[in-house]
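Coordinate inspection notes
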Amino acid sequence: MKKFLTQGRLAALIVFAVLLIDQIIKIWIKTHMYLHENIHVTDWFYIYFTENNGMAFGMEVLPKLFLTLFRIVAVVLITWYLHKITTQKEKLKTGYVVCLAFILAGAIGNIIDCVCYGEIFSESTHYQIASWVPVGQGYADWLHGRVVDMFYFPIIDTHWPEWMPFWGGERFIFFSPIFNFADAAISCGIISLLIFYSSYLGNGTHPKDSKEIKQ
């Protein structure tokens, strides 16, 4: 069993599982909820359907087409790098490979939305739930689809004190970004890399340099 579950196969399994969960959630949300409809789970957790043209957590900084192409290039590079480190003779730590697999899976998950959703779904609006349509009859062209987000955690929802300068009396929400499963996979992968494998990032990832062998 140990020989069968190599680092490469483990990475592929993680990518497949994350993509499957991510797309099942997104497709269900897309085909069952109106845009900006929300489901109250608890006071600090909502399923809130929204879409965005930008990067993770709804940020919109650069043009849509550029972001999609950037994601594709990033996925190609990460895939190449993962293949390289999982097939070399001297292995890196499995945890490092797992982190990269989560980042890769999350990136692919959002790419699928950007590349395909505009062509295969009708538009989601406040009065119309999206449905599957024949390819080419969707709400946008290839590479211009919108990313589906749904997880909203307003853990703290209050107002700034009236006496506070500038923001006094204004509403304060922590945590306000709305995100999806793919975003969570990317974030967990990056945070874990920074916490547990910063030496790889700072000194290179060749086993001879980092002196880190698979455990």
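Report on the accompanying structure. (Residues numbered from 1 in each chain as written. Predicted model: local features only at pLDDT ≥ 70, side-chain atom pairs only at ≥ 80, totals over all residues. Heavy atoms only, no water.)

Some details on the overall build of the chain
- The secondary structure content of the chain amounts to six helices and six strands.
- Seen in sequence order, the chain has helices and strands lined up from the N terminus as α-β-β-α-α-β-β-β-β-α-α-α.
- Counting over 215 residues, the chain shows a buried share of 39%.
- Once local pairs closer than 6 in sequence are excluded, the contacts in the chain between residues at least 24 apart make up 64%.
- Surface summary for the chain: the accessible area is close to 12,500 Å², and the carbon and sulfur share equals 68%. (Helix = DSSP H or I, 4+ residues; strand = E, 2+ residues; numbered from the N terminus. Buried < 20%, exposed > 50% of the residue type's maximum accessible area, 1.4 Å probe, protein only. Contact = heavy atoms within 4.5 Å. Areas by Shrake-Rupley, 256 points an atom, 1.4 Å probe, with all protein chains shown as cover.)

Here's the deal with the sheet that holds strand 3 (residues 147-152)
- The strand order across the open sheet formed by four strands is 1-2-3-6, and the pairing between neighbours is antiparallel. Two strands close off the open sheet at either side, each with one partner strand: strand 1 (38-42) and strand 6 (178-179).
- Bridge analysis of strand 3 against strand 6 gives two bridges, and the strand direction is antiparallel. Each bridged residue has a counterpart across the sheet, and for Phe-151 the counterpart in strand 6 is Phe-179. (Pairing = 2+ DSSP bridges.)

Quick notes on helix 1 (residues 7-32)
- If you check helix 1, its first and last C-alpha atoms are 38 Å apart, about what 26 residues at 1.5 Å a residue would give, namely 38 Å.
- Of the residues making up helix 1, those classed as buried are Gln-7, Ala-11, Ile-14, Val-15, Val-18, Leu-19, Asp-22, Gln-23, Lys-26, Ile-29 and Lys-30.
- Packing partners of the buried residues in helix 1 comprise strand 2 (45-52), helix 2 (64-87), helix 3 (94-120), strand 3 and helix 4 (181-196). (Expected span 1.5 Å × (residues − 1).)

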